[in-house]
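Coordinates in review
The chain contents come next:
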Amino acid sequence: MSDKDGQGKGKRVQPLWMPPEGTAQSKLCLYNSLTRSKEVFTPLDGKKVLWYCCGPTVYDASHMGHARSYISFDILRRILKDYFKYDLFYCMNITDIDDKIIKRARQNHLFEQYQKKKPDPSKLLEDVKTALKPFTAKLAGTTDPDKKQMLERILDTVTSALGPLEKAVQNGISGEETGRIAEKLLEESKDLLSDWLDAELGSQVTENSIFSTLPKYWEEEFHKDMEALSVLPPDVLTRVSEYVPEIVTFVKKVVDNGYGYVSNGSVYFDTVKFDASPNHSYAKLVPEAVGDQAALQEGEGDLSISADRLSEKRSPNDFALWKASKPGEPSWDSPWGKGRPGWHIECSAMAGSILGESMDIHGGGYDLRFPHHDNELAQSEAFFENDHWVRYFLHTGHLTIAGCKMSKSLKNFITIKEALRSHTARQLRLAFLMHSWKDTLDYSTNTMESAIQYERFMNEFFLNVKDILRAPTDVTGQYQKWEQEELELHRSFCERKSAVDEALCDNIDTRTAMEEMRSLVSQCNSYIAAKKSAKVFPNRMLLDSVAVYLTEMFKIFGAIDSEEPIGFPIGGTGQSMNLEATVMPFLSALSQFRESIRQIAREQKVTDILQLCDSLRDDILPELGVRLEDHEGLPTVVKLVDKETLLKEKEEKKKAEEEKKRKKEEASRKKQEQEAAKLAKMKVPPSEMFKCEMDKFSQFDEHGFPTHDAEGKELSKAQTKKLRKLFEAQEKLHEEYLQMVQN
């Protein structure tokens, strides 16, 4: 090119590039009890999140109320860690020193000692009658309706068992029969006698080991329950009994900072002084509850609300940081004498020791907001002299049982072990996922049936996709051309993923996320059905992408704990992948062989062979956890399903067929009855039809048509007109009958 040709053009450069505007990204917001509103979640230190969760007071079996909190927090924890990719440090406590534990441990110990003495029937009778006096007084003074109902039930049970022994003793009956009756009374009177023995002898129980055996046992049971529910263990577990020195140091500093005072060997938090400080505020979570003495006393514990204990406080709103131990209570050394920690102080001291002066998240049940969490906040901020010990307070909603409060008195108290005998851990988790974590969840037949149906719906989709992916093809055959249907499904897939993300950003709204996932599967099912109807193979790669995404979401939610790339695991944990990979080639060969046999049997009309093929599908393979699905003109679908699920399906199918048969027989019977009734009516000549109604008519004309009513009054024109229509209709019916007989 000559210089002349290049004149005026200069050196070529890349054109200016403009970045796309993009769209606004949703930010994670959490409902913060400190503000009672959703707040953008901003951790103190980048992606690192410090989280403390209130653990159980271990004195009895874990129940569905515990499951409500710990499954819900496990879901939130997993989503923050595995979906939002936060670096979580999760700390939980075990309360193994508490008024409830002390009282229950004493009662159990004293009752066991009483049993070992083997009181004779007369002595047992006397003791039960003595124990009934304070018990009936307690019942008379109880105002809580649930508690009153429970006490009344105990009284009725004891009274029923008391009568037979009383009669046996009066009649001088001895031997095995009396012993059996006495054993029954002892068993039924356990709660009653335990209360009485504790009141009489509780102060004499001084061995500290008695108070540690009970919580140790129930803590172990709690951990077993959490493992059975697939709840992740905490990164750090703290026990009150192991942190008494730290608690003493914590209390001492609160006193040194001017917010605590010593009274008669106990130490109390000065709520008035704390609230008067310009840098502090008492009851941040539930300010309207300040002064609620019932709640405050419940927080102090049954052994700490006697008149002398309450009189030690400067203000009724003050609460115990350290309790001077009475006889019959465990104790530790402190600057204020022998004593034990208050309930609220334990969480502050342990969380402070592990997480420091401020944490990102503190979690617990809704009923812990006041006084427990408000008191935690106050004493921790008094210790650290700050006003931000917790940045985000999360509280899980209540749990009801079929619309009612869970209560032993209502006989609807359900332990976790009992719940797991009725439903799987996955089904329980799905039920929780289908509800908001912060609202009340009703554990009922309807709730669980919805979860079971959701699981079944998703599982069928996974099984169908697995079947499609198993169809033989070469490497290049995996990549199919995308038509309009694939483009539409993919667009919907992207929209659903975006909707799930928005839902999880919005206070971790798993309920909406689960519905979006259900909607995605419904669209996939429609796509698969349309392709099968058109005898066209569905797009493998697209369905694989959807199934893998859904599986990954269920893994994040904690509903799948295996490494299988698609679907819910089959069989025990960890064996699903190997099981399917091992047996499916053999099952596919069996299915193809069966299909060939069926084809020959149909062509040659060998019904016995066809029945054997059906029996293999309906009776034999379900017992092995295998489902065959025959489709006209398409290959048989092979699915690995839990044996229990298949047997349940078989039973449901049998019941449905029996119900269908029953309805058919009922309809046939009714039809026969109707035809018989019609025939009987047809047989009646019109001249006789009204003569059997002598209670209505008294006179008739020569054709048997009524002219006067029962009282002898002539029928009106309107009545006659109405009866004439009936008469003429019967004439037609009877004529039909006569013709039918002639023919």
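Remember, predicted model here, so these are calculated numbers, not experimental data. (Residues numbered from 1 in each chain as written. Predicted model: local features only at pLDDT ≥ 70, side-chain atom pairs only at ≥ 80, totals over all residues. Heavy atoms only, no water.)

1. Focus on the sheet that holds strand β3 (residues 48-53)
Whether parallel or antiparallel, the strands of a sheet pair through hydrogen bonds between backbone atoms. The line we're drawing: The rule for pairing is simple: two strands pair if DSSP sees at least two bridges between them. What counts as a helix is a DSSP run of H or I of at least four residues, what counts as a strand is a run of E of at least two, and both are numbered from the N terminus. Where helices are involved, their axes are fitted lines through C-alpha atoms of the stretch in contact, as for all axes, and angles between N-to-C directions lie from 0 to 180°.
Across the sheet, which stays open at both edges, the five strands sit in the order β5-β4-β3-β10-β11 with parallel pairing between neighbours. Here the strands that pair on one side only, and so sit at the sheet edges, are β5 (236-239) and β11 (390-396). Between one strand axis and the next, the sheet turns by 20 degrees as a mean value, whatever way the strands run. As paired strands, strand β4 (residues 87-94) and β5 are joined by four bridges and run parallel to one another. Along β5, the bridge assignment pairs Asn-93 with Thr-238.

2. Details of the sheet that holds strand β8 (residues 319-324)
The four strands are arranged β6-β7-β8-β9 in an open sheet whose pairing can be described as antiparallel. Each edge of the open sheet is held by one strand with a lone partner, namely β6 (260-263) and β9 (339-341). Sheet twist, expressed as the mean angle between neighbouring strand axes with direction ignored, is 25 degrees. Pairing between strand β7 (residues 266-269) and β8: three bridges, direction antiparallel. The residue of β8 that forms the bridge with Tyr-268 is Ala-320.

3. Some details on the pattern of salt bridges
Definition in use: In the sections that follow, a salt bridge refers to a side-chain nitrogen of Lys or Arg positioned within 4 Å of a carboxyl oxygen of Asp or Glu. Think of it in three bands: residues with accessible area under 20% of the maximum for their type are buried, residues over 50% are exposed, and the middle band is partly exposed, with areas taken using a 1.4 Å probe on protein chains only.
All told, the structure shown has 54 salt bridges when counted by the stated rule. Taking the shortest distance from any N to any O, the salt bridge between Arg-104 and Asp-60 comes out at 3.3 Å. Of the two residues, Arg-104 is situated in helix α3 (residues 99-116) and Asp-60 in the loop between β3 and α2 (64-83); the sequence distance between them amounts to 44 residues. You can call Arg-104 partly exposed: its relative accessible area is 25%. In this structure Asp-60 comes out as partly exposed when scored by relative accessible area, which is 22%.

4. Describing helix α16 (residues 425-433)
The buried fraction of α16 amounts to nine of the nine residues, a majority that puts the element mostly inside the structure. Residues of α16 that are buried include every one of Ala-425, Arg-426, Gln-427, Leu-428, Arg-429, Leu-430, Ala-431, Phe-432 and Leu-433, and no others.

5. Notes on the side chain of Asp-225
Formally: Contact definition: two residues touch when any of their heavy atoms are within 4.5 Å.
Counting through the fold element by element, Asp-225 comes out in helix α8 (residues 208-228). Accessibility expressed as a relative area gives 5% for Asp-225, which makes it buried. Not counting residues up to four positions away in its chain, the partners in contact with Asp-225 are Ser-62, Ile-416 and Lys-417.

6. Some points on the packing of aromatic side chains
As a reminder of what qualifies: Between the rings of Phe, Tyr and Trp (Trp by its six-membered ring), a pair exists once the centres lie within 6.5 Å; its type follows the angle of the planes, with under 30 degrees stacked, over 60 edge-to-face, and the other angles tilted. In this scheme, Lys NZ or Arg CZ marks a charge over a ring once it lies within 6 Å of the ring centre and within 35 degrees of the ring normal.
The tally for this structure, following the rule as stated, stands at 23 aromatic pairs. For the pair Phe-250 and Phe-383, a centre-to-centre distance of 4.0 Å together with 5 degrees between the ring planes defines the contact as stacked. Here the residue Phe-250 occupies a position in helix α9 (residues 244-256), and Phe-383 occupies one in helix α14 (residues 369-384), the gap between them amounting to 133 residues. Considered together, Phe-250 and Phe-383 belong to a single accessibility category, that of buried residues. Every member of this aromatic cluster is reached through a ring pair, and the members are Tyr-454, Phe-461, Phe-462, Phe-554 and Phe-568. Over the ring of Tyr-90 we find Arg-77; its NZ or CZ atom is 4.3 Å from the centre of that ring.

7. Some points on unusual backbone geometry
Only a minority of non-glycine residues have a phi that is not negative, and only a minority of peptide bonds are not trans. Each neighbour pair has its own omega, and for Phe-370 with Pro-371 the value is 5 degrees, a cis peptide bond. Structurally, the position occupied by Pro-371 is in helix α14. Positive phi, normally seen in glycine, also occurs at Arg-36, with a value near 55 degrees. In this structure, Asn-264 is a non-glycine residue whose phi angle is positive, near 60 degrees.

8. A few points about a negative patch on the surface
Going by this rule: Surface patches are drawn from residues lacking salt bridges whose relative accessible area is over 30%; two like charges belong together within 9 Å, two nonpolar side chains (Val, Leu, Ile, Met, Phe, Trp, Tyr) within 5 Å. In these tables, accessible area is a Shrake-Rupley quantity obtained with a 1.4 Å probe, and a residue counts as shielded only by the protein chains included in the view. For the purpose of charge, His is not counted, nor are the chain termini; Lys and Arg are scored as positive and Asp and Glu as negative. Here the site of a charge means atom NZ of a Lys, CZ of an Arg, CG of an Asp or CD of a Glu.
A contiguous patch of negative charge on the surface is contributed by Glu-449, Glu-651, Glu-652, Glu-657 and Glu-658. Within the fold, Glu-657 resides in helix α23 (residues 643-683).

9. Some points on the pairing of β7
Alternating positions in β7 separate into two faces, Ser-266 and Tyr-268 on one and Val-267 and Phe-269 on the other, with burial throughout. Note: β6 against β7, four bridges, orientation antiparallel. Bridge assignment links Tyr-261 to a residue of β7, and that residue is Tyr-268. What sits between β6 and β7 in their antiparallel hairpin is a turn of two residues, with Asn-264 showing a positive phi close to 60 degrees.

10. Structural notes on the side chain of Thr-178
Residue placement: Thr-178 occurs in helix α6 (residues 176-188). Sequence-distant contacts of Thr-178, that is, excluding residues within four places in its chain, are made with Pro-121, Leu-165, Ala-168 and Ile-173.

11. Here's the deal with the packing of helix α17 (residues 445-470) against helix α20 (residues 540-557)
Filter applied, for reference: Should an angle fall under 35 degrees it is called roughly parallel, over 145 degrees roughly antiparallel, and 65 to 115 degrees roughly perpendicular, with every other angle called oblique. What makes a crossing left-handed is the near helix being turned counterclockwise from the far one by less than a right angle; a clockwise turn instead makes it right-handed. For this scheme, ten residues count as nonpolar: Ala, Val, Leu, Ile, Met, Phe, Trp, Tyr, Cys and Pro. Four count as charged, namely Asp, Glu, Lys and Arg, and the remainder, Gly too, count as polar.
It is the contact of α17 with α20, at a shortest axis distance of 10 Å, that shows an interaxial angle of 140 degrees. On the basis of the axis angle, α17 is oblique to α20. Considering how the two elements wind past one another, α17 and α20 form a crossing that is left-handed. Across the interface between the two elements, Tyr-454, Met-458, Phe-461, Phe-462, Val-465, Ile-468 and Leu-469 of α17 pack against Arg-540, Leu-543, Asp-544, Val-546, Ala-547, Leu-550, Thr-551 and Phe-554 of α20. Looking at side-chain class alone, the contact of α17 with α20 contains twelve nonpolar, one polar and two charged residues.

12. Regarding the nonpolar core
For the record, the criterion: Among buried residues, those of type Ala, Val, Leu, Ile, Met, Phe, Trp, Tyr and Cys that are joined through side-chain atoms within 4.5 Å constitute a nonpolar core.
The biggest cluster of nonpolar side chains holds 117 residues, and the ones touching the most others in it are Trp-51, Met-64, Tyr-443, Phe-461, Phe-554 and Phe-557. It is α20 that contributes the most residues to this core, ten residues altogether. Those residues in contact with Phe-557 that lie beyond four places of it in its chain are Ile-75, Arg-78, Ile-79, Arg-429, Leu-433, Leu-504, Ala-513, Met-514 and Met-517. Among the nonpolar cores identified, the runner-up in size contains 46 residues, and Tyr-259, Trp-322, Met-350 and Ala-382 belong to it.

13. Notes on the packing of helix α18 (residues 484-505) against helix α19 (residues 510-533)
Running from N to C, α18 and α19 cross one another at 170 degrees; their axes reach a closest spacing of 8 Å. As far as their axial angle goes, α19 and α18 are roughly antiparallel. Side by side, α18 and α19 meet where Glu-485, Glu-486, Leu-489, Ser-492, Phe-493, Arg-496, Ala-499, Val-500, Ala-503 and Leu-504 of the first sit next to Thr-510, Thr-512, Ala-513, Glu-516, Met-517, Ser-519, Leu-520, Gln-523, Cys-524, Tyr-527 and Lys-531 of the second. For the contact of α18 with α19, a count of residues per class yields eleven nonpolar, five polar and five charged.

These figures capture arrangement, not role.
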